[in-house]
Every structure is written in structure tokens, then in C-alpha cells.
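Chains, contacts and geometry: an overview
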Amino acid sequence: NAGVTQTPKFRILKIGQSMTLQCAQDMNHNYMYWYRQDPGMGLKLIYYSVGAGITDKGEVPNGYNVSRSTTEDFPLRLELAAPSQTSVYFCASSYPPTSGSSYNEQFFGPGTRLTVL
Amino acid sequence: EDKVVQSPLSLVVHEGDTVTLNCSYEVTNFRSLLWYKQEKKAPTFLFMLTSSGIEKKSGRLSSILDKKELSSILNITATQTGDSAIYLCAVLAGGTSYGKLTFGQGTILTVHP
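Residues numbered from 1 in each chain as written. Chains lettered and ligands numbered in written order. Predicted model: local features only at pLDDT ≥ 70, side-chain atom pairs only at ≥ 80, totals over all residues. Heavy atoms only, no water.

Let us now look at the overall build of chain B. Scanning chain B for helices and strands turns up 0 helices and 11 strands. For chain B, the sequential pattern of α-helices and β-strands runs β-β-β-β-β-β-β-β-β-β-β. For 113 residues, the compact-globule estimate of 2.2 N^0.38 gives 13 Å, and chain B sits close to it at 14 Å. Counting only C-alpha atoms and orienting by the principal axes, one finds that chain B spans roughly 45 × 30 × 20 Å. Per-residue burial over chain B gives 44% buried out of 113 residues. (Helix = DSSP H or I, 4+ residues; strand = E, 2+ residues; numbered from the N terminus. Rg over C-alpha atoms; globule rule 2.2 N^0.38 Å. Buried < 20%, exposed > 50% of the residue type's maximum accessible area, 1.4 Å probe, protein only.)

Pasting the structure below:
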């Protein structure tokens with residue numbers, strides 16, 4: 001199993017450009033997440049999905065869009081990139097919480113380092 | 001707004017030292033507290049704590065939750081250079097099937113030989 005994969009690893013964008021960060025998982029996880037991590041900060045949730053066709057906003061969704069057409073893929077779209085979106089982006093996936101458990105471990109991808117100039 | 005605060009923000013020690021990392025939280029509808037280790041890339045899961053006062057251990061790492069004080073500590077004994085990393089605390093809260101994870105800002109641990 002490849003686990004959670006993300007592409008690209010690095011990207012430099014100019015202000016106003018758009019791009020899509022790709023995320024795929026081969027563990028048949030229902031839940032998928034996008035986080036951003038700014039220097040010296042913890043991770044902040046951008047969007048999440050509990051299954052194909054279902055997405056919802058997290059803590060910092062402005063400037064981003066997502067779609068979930070398959071269980072495996074969860075791309076993150078940046079429209080009109082701004083310097084404030086310079087960050088490291090992590091995709092993660094998990095099974096839903098099971099009965100008697102409040103959490104199932106989230107598996108993280110290696111991250112995409114994005115710079116907007 | 002849910003909040004998770006970690007201290008110290010950074011720590012420099014020598015191999016063999018024991019360290020204690022702190023995490024405090026203010027959240028609505030607490031479910032569990034998690035510790036992650038982040039080296040160069042993605043965070044990796046260490047512990048999940050749900051019940052107060054019960055210590056979780058894995059080798060030289062241990063963690064305990066204090067629900068009364070809304071806090072947790074992560075202890076690392078006999079530190080090694082391989083323990084150098086960012087340690088992230090996160091709290092799972094919320095009443096829906098998806099529990100919202102709120103992360104602290106992390107503690108940067110540097111272990112010198």
C-alpha cells in the first residue's frame with residue numbers, strides 16, 4: 001500500500017494563479033481531510049469529507065474548494081492564490097470512528113510546500 | 001472557539017535528559033486528546049487519551065490526561081537524538097460522527113548528543 005500520496009511536493013505560484021493539490025489514498029478510508037500548517041503553528045483544518053460526494057468546511061476554508069468524486073481522491077483547489085496561502089498542506093485519511101471509540105487514527109500524506117509570491 | 005495551547009514552544013536538551021511537554025485545552029464536548037510526533041514531514045500518531053489519570057506508555061514515551069485540569073503531559077525519558085522533532089497535541093471534540101481535531105502550535109524538541 002502506498003498510503004496517502006500527495007502531489008506536487010513543492011510549488012511556487014504567482015499571486016492570482018490557480019492550482020489543484022492532489023491527494024489520493026489506497027486504504028479504502030471513508031474520511032479524508034485537508035490541513036495547512038504555517039511556520040511555528042499547528043495544523044488547521046481546511047475541508048474534510050466523510051465519503052464520496054460529501055464535503056464540509058473546516059476551520060479555515062476561505063480561498064479553497066474541494067471535491068470528492070471517488071473514495072480514493074480528494075483534490076484541493078486554490079483559486080486566485082494569495083501570499084497568505086503560503087503554507088505546507090497536508091492531506092490525511094481515516095476510517096470513521098467505530099462504536100465504542102471516539103477516533104480512528106488519521107494517516108497523513110508527506111505534504112505539499114506551497115509558496116505564493 | 002476551541003483552543004489548544006502547548007508549552008514550552010521549544011526545548012533544547014542533551015541526550016539522556018528527561019523532558020516533559022505540556023498541553024492544555026479549552027474545547028466544547030471533549031472526546032479525546034492525541035499526541036503526534038512530526039519529524040521532517042507528516043505527523044505520526046503516538047497516543048490517544050480518553051480517560052483521566054490513565055497513563056499510556058510506549059517505550060520511553062508516556063502520557064497522561066487530567067480532565068479536571070484540562071491538560072495533558074508527554075514525558076520522554078533518556079532522550080535520544082532521534083527524539084528531535086515537533087510534538088503536536090490535538091484535541092478531538094464535537095458531537096457529530098466526525099469529531100473536529102484542534103491542534104496546538106507544537107513543541108520543538110532538539111536533543112543534542
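Residue and element names in this part refer to chain B. Tallied over the entire structure, the rule returns 2 disulfides over all chains. Bridging Cys23 to Cys89, the disulfide has an S-S length of 2.0 Å. Across the disulfide from Cys23 to Cys89, rotation about the S-S bond amounts to roughly -65°, and the bridge is consequently left-handed. With Cys23 in strand 3 (residues 19-26) and Cys89 in strand 9 (residues 85-93), this pair connects stretches of sequence that are 66 residues apart. (Disulfide = S-S within 2.5 Å.)

Taken residue by residue, the interface counts 19 residues in chain B and 21 residues in chain A. At the boundary of chain B with chain A, total buried surface from both sides reaches about 1700 Å², with 62% on carbon and sulfur atoms. Connecting chain B to chain A are 0 salt bridges. At the surface where chain B touches chain A, the tally comes to 2 residue pairs in polar contact (both at pLDDT 80 or more). Here the side of chain B that touches chain A gets 5 residues from one element, more than from any other, and that element is strand 4 (residues 30-38) of chain B. The class makeup of the residues in the side of chain B that touches chain A is 11 nonpolar, 5 polar and 3 charged. (Contact = heavy atoms within 4.5 Å. Buried area = accessible area lost by both parts, 1.4 Å probe. Salt bridge = Lys/Arg side-chain N within 4 Å of Asp/Glu carboxyl O. Polar contact = N/O pair within 3.5 Å; in protein donor to acceptor, adjacent residues only side chain to side chain. Nonpolar A, V, L, I, M, F, W, Y, C, P; charged D, E, K, R; others polar.)

Below, the discussion takes up the sheet that holds strand 7 (residues 64-66) of chain A. Residues and elements named next belong to chain A. In space, the 4 strands of this open sheet follow the order 1-3-8-7, with antiparallel pairing throughout. Bordering the open sheet on either side are strand 1 (4-7) and strand 7, each of which pairs with just one other strand. Neighbour-to-neighbour, the strand axes of the sheet open up by a mean angle of 20°, direction not taken into account. In this sheet, strand 8 (residues 76-78) lies alongside strand 3 (residues 19-25) in antiparallel orientation, the contact comprising 3 bridges. Bridging from a neighbouring strand, Leu21 pairs with Leu76 of strand 8. (Pairing = 2+ DSSP bridges. Axes fitted to C-alpha atoms, helices over the stretch in contact; angles between N-to-C directions.)

Here we take up the pattern of salt bridges. Residues and elements named next belong to chain B. Counting across every chain of the model gives 5 salt bridges over all chains. Between Glu39 and Lys37 there is a salt bridge, with the nearest N and O atoms lying 4.0 Å from each other. Note that Arg60 and Asp83 form a salt bridge whose closest N and O atoms lie 2.8 Å from each other. In this pair, Arg60 sits in the loop between strand 6 (56-58) and strand 7 (61-66) while Asp83 sits in the loop between strand 8 (71-76) and strand 9, placing the two residues 23 residues apart along the sequence.

Each regular strand shows side chains that alternate between the opposite faces of the sheet. Residues and elements named next belong to chain A. Among the 8 residues of strand 9 (residues 87-94), 8 are classified as buried, and the element is accordingly described as predominantly covered. The two faces of strand 9 match: Ser87, Tyr89, Cys91 and Ser93 on one face and Val88, Phe90, Ala92 and Ser94 on the other face are all buried. Of the pairings in the sheet, the one linking strand 4 (residues 31-37) to strand 9 comprises 7 bridges and is antiparallel in character. If you follow Met32 over to strand 9, its bridge partner there is Ser93. Both strand 9 and strand 11 (residues 112-116) contribute to a ladder of 3 bridges, which runs antiparallel. Counted as the bridge partner of Val88 is Arg113 from strand 11.

So, on to the side chain of Arg36 of chain A. Residues and elements named next belong to chain A. Among the structural elements, Arg36 can be located in strand 4. According to the relative accessible area criterion, Arg36 is buried, its value standing at 11%. One polar contact links Arg36 to Tyr64, side chain to side chain, over a distance of 2.8 Å. Among residues more than four places away in sequence, those in contact with Arg36 are Gly42, Leu43, Lys44, Ile46, Val60, Tyr64, Ser84, Gln85, Thr86, Ser87, Val88 and Tyr89.

Counting 22 residues, the largest nonpolar core has Tyr25, Leu33, Trp35, Tyr87 and Leu109 of chain B as its most contacted members. Of all elements in the fold, only strand 3, strand 4, strand 5 (43-49), strand 7, strand 8, strand 9 and strand 11 (107-112) of chain B reach the threshold of two or more residues within this core. Among the elements that take part in this core, strand 9 of chain B stands out by supplying 5 residues, more than any other. Apart from residues no more than four positions distant in its own chain, Leu109 of chain B is found in contact with Leu11, Val13, Val19, Ile76, Asp83, Ser84, Ala85 and Tyr87 of chain B. Residues Met19, Leu21, Leu78 and Cys91 of chain A belong to the second largest nonpolar core, which totals 20 residues. (Core = buried A, V, L, I, M, F, W, Y, C linked by side-chain atoms within 4.5 Å.)

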